[in-house]
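Residue-level structure breakdown
What follows is the residue order along each chain.
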Amino acid sequence: MSEAMPPEQPSEPAPDQSGSAWWSEAGDESDGTRPLDTRAVIAQADMHDRRRGETEPLDDDTTRRETPPPPPAITAAAMRHIGQVRDTNQDAIYTLISSIPRETGDATLGLFVVADGMGGHEGGEIASRMATAAVARRVIADLLVPAIEGNVNVSLQALMVEAVQEANRAIWEHARQIGSDMGTTCTAALLLGRSLYIGHVGDTRAYLIDPGGIHQLTTDHSAVGRLIEMGQLDPGEARDHPLRSQLYRTVGQHPEVAVDLVFQPIGSATHLLIASDGLWGCMTDEAMLNIVQGIDSPQRAVRALVDAANRAGGPDNISAILVRLV
Amino acid sequence: MALIKKPGTTKGIDLNSSSNAGSDPQGTAAPGAGGRAATPVMQPGVILQGRYVIEGTLGIGGMSVVYRGRDLRFKDVVRPCAIKEMYQSAPDSNTRLLNLKNFEREAGLLATLQHPAIPKVFDFFEENGRVYLILELIQGKDLETVLDEAKGPLPEERVAHWAVQLCEVLSYLHNQKPEPIVFRDMKPSNVMVTPDDRIILIDFGIARSLVRTRGTVIGTEGYSPPEQYKGIAEPQSDLYALGATLHHLLTASDPRTETPFTFHERPLRQLNPQISPELAAVIEKALSYDMTTRWASADEMRLALLQTPTLRGSQSGGTAPAGKAALPRSSNAPTTDLVWRFVCEDEVRSSPCVSHGMVFVGCYDTNLYAVDAGRGEFRWKYATEGGISSSPAVWNDIVVVGSEDGAVYACEVRRGALRWTFRTGKPVRSSPRILERVIFIGSDDQHFYAIDGLRGSQIWKYRTWMPIRSSACIAGESVYFGGGDGFVYALNIKNGGVRWKQRTQQPVISSPAFAENMVIVGSMDNMLYALDSEGGWPVWKYRTGHYVNSSPFVFGTRVFVGSVDGNLYAIELKNGKLAWKYDTGSQITSSPRVEQGRVYFGAADGCVYCIDAANGSLIWRYETQGPVVSSPAISDGVVYIGSLDHALYALRA
């Protein structure tokens with residue numbers, strides 16, 4: 001904080017806390033603006049100032065601080081399971097939840113990463129662990145530590161993209177050194193305040209669950225997935241496609257990688273789910289939604305998700321992070 | 001190198017696709033780590049059939065190794081050859097059988113073909129349980145290596161010449177009887193170029209006579225057409241892959257790392273404006289998603305290529321243009337019509353507002369003017385006690401503006417009668433924003449005010465510690481503005497409570513725009529910020545070369561803003577990446593407006609600019625007699641803008 005900062009403004013509750021009385025709740029338009037309830041405005045104007053067109057004294061008593069909405073009470077549960085067929089677990093997961101102090105009210109910072117590795121000779125395990133570690137290291141150093149010190153000025157989109165690119169470089173160089181080929185998916189969701197910033201490469205998916213249902217936030221980087229998206233293949237056909245899970249973009253297999261970034265305010269969402277294809281490939285979106293909405297505890301819900309995938313054969317490693325946002 | 005995840009097994013390396021640049025001159029598939037470890041490699045000196053001696057390894061693929069060798073029967077001369085050895089790494093016998101059949105098919109196919117762009121087969125035999133193919137050794141490099149070494153797009157003329165040769169060899173294959181042969185794996189690493197710039201197609205591993213049944217062989221992701229994913233491969237499929245290959249060569253944008261089937265979203269000339277539109281059109285037709293809208297045959301595509309200026313020029317012996325340089329910006333750029341010009345008594349820094357058939361604008365001569373929008377005739381003026389740099393806004397039947405005298409004035413629209421004034425402690429250079437009947441405006445007295453538009457009384461005010469010259473943006477229940485203290489503020493629209501404030505490094509004079517849950521605003525720290533509207537944290541930042549005092553304008557998926565560094569920037573809203581910029585060579589503090597796909601703004605060189613919002617090319621510019629810091633208003637095909645030459649201009653949009 002520099003000396004140019006104004007001193008703390010006196011904190012005073014707003015005179016009218018009734019909130020909704022100010023606004024007509026109807027007519028919530030798509031651009032996010034709402035019409036003002038004019039009667040309330042007049043009432044407020046009358047209450048505050050009856051002198052018309054007069055200069056106001058430069059006092060501070062009319063300034064006030066918003067009582068911030070409490071940060072979402074976030075709880076997260078994460079689980080990874082080897083499944084029923086594979087003999088190694090090549091998935092890696094990472095979670096972090098921290099509160100960060102802010103002048104205008106504390107905010108929540110959460111980091112949730114799932115990586116699904118691939119490559120023989122332990123390459124998959126190494127790649128996925130390197131990816132989660134590199135992302136966590138970068139976010140903690142460049143965002144969490146400055147945030148605790150009250151100084152966030154980093155571009156969050158660039159941060160998440162660069163964190164995944166850093167993981168890409170680390171894995172690529174490691175693979176070169178040991179003369180191997182390894183790669184991983186990486187879906188890293190940063191929650192800051194009430195917005196999500198998701199860096200994404202591969203087919204590990206992030207879903208947002210709100211009262212309206214389950215919404216996939218990420219796009220799988222597989223050609224088959226894209227053909228389905230374009231309506232050129234139907235999901236039934238795709239299930240048996242020889243290239244169903246061939247990815248055209250992975251972390252660690254090229255010196256450079258393009259990282260998708262999703263910026264998504266959480267709005268009325270209740271849950272964030274990050275799932276490797278070992279989970280989403282085994283069950284429908286509706287089945288996942290039912291479990292998430294039907295079980296209150298994220299710990300129990302995430303276990304139920306993993307159990308369901310195992311019951312469906314568990315052909316692949318299964319990883320999931322479930323974050324309850326309310 | 002793509003990885004494949006096989007259902008029910010550990011994700012493994014896909015040995016059949018992609019390539020490793022340069023290591024694969026005879027067109028075996030790419031080396032993969034998993035395969036490499038298990039690959040048996042013969043040492044130099046080994047002799048096969050008592051005739052072919054191994055001299056070195058050229059490349060290792062998923063199912064074969066290619067060696068450089070020599071035919072010892074030619075004793076007096078060195079006759080080099082390529083020796084392709086098939087090996088089996090697949091565990092199951094079905095796959096092994098299929099691989100062997102493919103290898104034999106490749107050998108048989110090549111043996112029946114005779115074309116200068118197809119390698120010759122000399123021999124085919126089995127020895128020690130392995131199968132070998134002896135091929136012509138091609139001198140040169142594959143196109144992927146050529147592209148890697150160029151570290152950028154390859155010259156258009158050279159690529160066009162290759163394209164014609166590739167069409168010729170594809171045409172030869174497609175015209176084989178009784179069934180056409182579809183190559184199915186056209187990509188830069190499967191095309192060799194010889195030292196005399198001839199091309200030779202390599203790796204016929206998956207090429208096959210067209211059998212109209214469904215197969216599963218795909219080719220290479222990124223180059224392969226969509227229908228190959230359904231097991232369909234027709235001659236037009238090779239044309240798509242050829243288009244993808246040429247696209248890659250001319251743009252250096254690797255389709256394997258891009259979203260599949262997105263060539264139409266990445267037009268050639270957008271990635272490389274040097275490419276001629278004619279050549280781009282030929283290639284983009286080949287890249288049609290639908291087979292039936294591509295070129296009907298390789299021959300048709302070849303003829304189309306020969307008609308492009310790129311090749312017409314070189315055929316007639318002249319030197320083809322090696323890519324057109326961007327036209328220098330000349331002083332005789334197209335201009336536009338002046339509709340009318342209205343002259344005031346001092347500088348017009350204020351930005352006009354069009355409403356009720358009138359244009360309202362403030363002037364440094366202290367007056368708020370109302371001018372007929374159609375004819376530019378004077379309607380009325382209202383004199384304040386200071387110059388006006390604030391820009392007026394209209395709500396119902398009043399027009400509101402701030403003045404250097406410290407007051408906010410509301411005048412009746414028709415005749416200019418004063419309705420009310422609201423006094424602040426210092427000049428008002430911020431401009432009013434009105435939601436319903438509440439007016440939001442900042443003042444140099446460091447306060448931000450919410451004023452009742454009907455009576456001119458204060459609803460609330462919020463204090464900062466530096467003058468506020470930025471104008472507000474209202475979205476949802478928040479009002480956003482910048483401060484001279486470098487903060488961007490988000491206040492509760494109802495009571496002025498602080499939702500958040502986010503610091504930039506220098507004062508913020510630019511006025512925010514709201515889009516996609518982001519507050520976008522410039523700062524004198526040279527950055528354009530996109531802040532999370534919920535918490536104020538930067539989603540992205542874009543650095544320009546100087547102050548960003550211009551206010552951003554959002555249109556479609558882009559945000560447009562000027563900088564004092566002289567550029568008008570078009571930046572992708574989604575990721576803060578530059579789409580294009582237009583250099584005026586003079587400072588821009590005017591804020592752009594976009595209408596009908598055209599960006600309008602003024603600059604300190606006295607010009608009003610009209611730029612194509614899609615690509616940043618100049619459509620017209622109009623020269624006034626003084627710097628233009630005012631921002632345009634556009635209505636009914638007319639651009640209204642003020643100039644420091646004391647005039648308000650109406651120009652044909």
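1. What to know about the overall build of chain B
Looking only at helices and strands, one finds nine helices and 45 strands in chain B. Per-residue burial over chain B gives 56% buried out of 653 residues. Long-range pairs, those at least 24 residues apart, make up 49% of the contacts in chain B with a sequence separation of at least 6.

2. A short note on the environment of alanine 77 of chain A
All names here are of chain A. By the secondary structure assignment, alanine 77 is in strand β1 (residues 75-81). Judged by C-beta crowding, with 18 C-beta atoms within 10 Å, alanine 77 ranks as partly exposed. Residues alanine 77 and glutamate 256, spaced 179 residues apart in sequence, show a C-alpha to C-alpha distance of 32 Å.

3. Comments concerning the sheet that holds strand β9 (residues 141-142) of chain B
All names here are of chain B. Taken in spatial order, the three strands line up as β9-β11-β12 in an open sheet, and their pairing is antiparallel. Taken across any chain shown, the strands that pair with only one partner, and hence form the sheet edges, are β9 and β12 (199-201). Pairing between strand β11 (residues 191-193) and β12: three bridges, direction antiparallel. From the neighbouring strand, valine 191 faces β12, where its bridge partner is leucine 201. Across the sheet, helix α4 (residues 156-174) is in contact with β11 and β12; its angle to β12 comes to roughly 35°.

4. Digging into helix α3 (residues 143-150) of chain B
Given 3.6 residues per turn, any residue in an α-helix points the same way as the ones three and four places further on. All names here are of chain B. By the burial criterion, the buried members of α3 are Leu143, Glu144, Thr145, Val146 and Leu147. Summarising the contacts, the buried residues of α3 are in contact with β9, β11 and α5 (235-251). Phi turns positive, to about 50°, at lysine 151, one or two residues after α3.

5. Side note on helix α7 (residues 285-294) of chain A
All names here are of chain A. Among the residues of α7, Met288, Ile291 and Val292 are the ones counted as buried. Angular distribution of buried residues about the axis of α7 spans 95°; they occupy a single face of the element. Exposed residues pointing more than 90 degrees away from the buried face of α7 are listed as Glu286 and Gly294. Where α7 is buried, its residues contact β7 (205-210), β8 (213-216), β10 (271-275), α8 (298-311) and β11 (318-324).

6. Notes on the nonpolar core
Residues and elements named next belong to chain A. Ranked by size, the top nonpolar core spans 192 residues in total, and within it Ala131, Val164, Leu190 and Ala320 carry the most contacts. For this core, the element with the most residues is helix α3 (residues 156-178), which contributes 10 residues. Those residues in contact with valine 164 that lie beyond four places of it in its chain are Val135, Cys186, Ala188, Gly199, Val201, Val251 and Val259.

7. What about the sheet that holds strand β30 (residues 498-503) of chain B?
All names here are of chain B. Here we have four strands laid out as an open sheet, ordered β27-β28-β29-β30, and antiparallel in their pairing. The sheet is open, and its two edges are formed by β27 (473-475) and β30, each paired on a single side. Neighbour-to-neighbour, the strand axes of the sheet open up by a mean angle of 15°, direction not taken into account. Here β27 pairs with strand β28 (residues 478-482) via three bridges, running antiparallel.

8. Some details on unusual backbone geometry
Along the chain, lysine 177 of chain B connects to proline 178 of chain B via a cis peptide bond; the corresponding omega equals 0°. Positionally, proline 178 of chain B belongs in the loop between α4 and β10 (181-182).

9. Overview of the packing of α7 of chain A against α8 of chain A
Residues and elements named next belong to chain A. Look at α7 against α8: their axes get within 9 Å of each other, and the N-to-C directions meet at 150°. Compared by their axis directions, α7 and α8 come out roughly antiparallel. Judged by the sense of rotation from one axis to the other, the crossing of α7 with α8 is right-handed. Contacts from Ala287, Met288, Ile291 and Val292 of α7 reach α8 at Ala301, Ala304, Leu305 and Ala308. Here the residues of the contact of α7 with α8 are counted per class, giving eight nonpolar, no polar and no charged.

10. Looking at the packing of helix α2 (residues 123-148) of chain A against α3 of chain A
Residues and elements named next belong to chain A. At a minimum axis distance of 8 Å, the contact between α2 and α3 shows a crossing angle of 140°. It follows from the interaxial angle that α2 and α3 lie oblique. Seen from above, α2 lies across α3 with right-handed handedness. Residue-level inspection shows Ala127, Met130, Ala131, Ala134, Val135, Arg138, Val139, Asp142 and Leu143 of α2 in contact with α3, the latter providing Leu159, Glu162, Ala163, Val164, Glu166, Ala167, Ala170, Ile171 and His174. Split into classes, the residues belonging to the contact of α2 with α3 amount to 13 nonpolar, one polar and four charged.

11. Notes on the environment of phenylalanine 514 of chain B
Residue and element names in this part refer to chain B. Structurally, the position occupied by phenylalanine 514 is in strand β31 (residues 513-515). Residue class for phenylalanine 514 comes out buried when judged on the 21 C-beta atoms lying within 10 Å of it. For phenylalanine 514 and isoleucine 474, which are 40 residues apart along the polypeptide, the C-alpha to C-alpha distance reads 7.9 Å. Not counting residues within four places of it along the chain, the set of residues in contact with phenylalanine 514 comprises Cys473, Ala475, Tyr480, Val519 and Ser533.

12. Some thoughts on the pairing of strand β32 (residues 518-522) of chain B
Residues and elements named next belong to chain B. Counting buried positions along β32 yields five of five residues, so the element is predominantly enclosed. The alternating pattern of β32 places Met518, Ile520 and Gly522 and Val519 and Val521 on opposite faces, both of which are buried. One ladder, built from five bridges, connects β32 with strand β33 (residues 527-532); its direction is antiparallel. Of the residues in β33, the one forming a bridge with methionine 518 is aspartate 532. Here β32 hands over to β33 after four residues, with asparagine 526 in that stretch at a positive phi of 80°.

13. Overview of the confidence of the model for chain A
A low pLDDT means the predicted coordinates there should not be read in detail. For chain A, mean pLDDT is 80; residues scoring 70 or higher make up 75% of the total. Note on residues 1-63 of chain A: pLDDT under 50 across the span, and 82 contacts to partners over four residues away in sequence or across chains.

14. A look at the pairing of strand β29 (residues 487-492) of chain B
Residues and elements named next belong to chain B. Burial runs high along β29: six of the six residues are buried. The side-chain alternation of β29 yields two buried faces, one formed by Phe487, Tyr489 and Leu491 and the other by Val488, Ala490 and Asn492. Of the pairings in the sheet, the one linking β28 to β29 comprises five bridges and is antiparallel in character. Residue pairing across strands places glycine 482 opposite valine 488, the latter belonging to β29. Count of turn residues in the β28/β29 antiparallel hairpin: four residues, of which glycine 486 carries a positive phi of about 90°. By the bridge criterion, five bridges tie β29 to β30 in an arrangement that is antiparallel. Note on β30: the bridge partner recorded for valine 488 is glutamine 502. Where β29 hands over to β30, the hairpin turn is made up of five residues, of which glycine 496 adopts a positive phi near 75°.

15. Section: the environment of arginine 503 of chain B
Residue placement: arginine 503 of chain B occurs in strand β30. For arginine 503 of chain B, the contacting residues outside a window of four places in its chain are Asn153 of chain A together with Gly486 and Phe487 of chain B.

16. Here's the deal with the confidence of the model for chain B
All names here are of chain B. Per-residue confidence for chain B gives a mean pLDDT of 86, with 88% of residues at or over 70. This model gives residues 1-38 a pLDDT under 50, and the stretch forms 122 contacts once residues within four places in sequence are excluded. Here residues 210-216 scores under 50 on pLDDT; set against residues more than four positions off or in separate chains, the count is eight contacts. This prediction of the complex comes with two scores: 0.71 for pTM and 0.74 for ipTM.

What counts and what doesn't
Residues numbered from 1 in each chain as written. Chains lettered and ligands numbered in written order. Predicted model: local features only at pLDDT ≥ 70, side-chain atom pairs only at ≥ 80, totals over all residues. Helix = DSSP H or I, 4+ residues; strand = E, 2+ residues; numbered from the N terminus. Buried ≥ 20, exposed ≤ 12 C-beta atoms within 10 Å, placed from the backbone. Contact = placed C-beta atoms within 7 Å. Pairing = 2+ DSSP bridges. Axes fitted to C-alpha atoms, helices over the stretch in contact; angles between N-to-C directions. Arc of directions from axis to C-beta. Core = buried A, V, L, I, M, F, W, Y, C linked by C-beta atoms within 7 Å. Parallel < 35°, antiparallel > 145°, perpendicular 65-115°, else oblique. Left-handed = near helix turned anticlockwise from the far one by under 90°. Nonpolar A, V, L, I, M, F, W, Y, C, P; charged D, E, K, R; others polar. pLDDT = per-residue confidence, 0-100.

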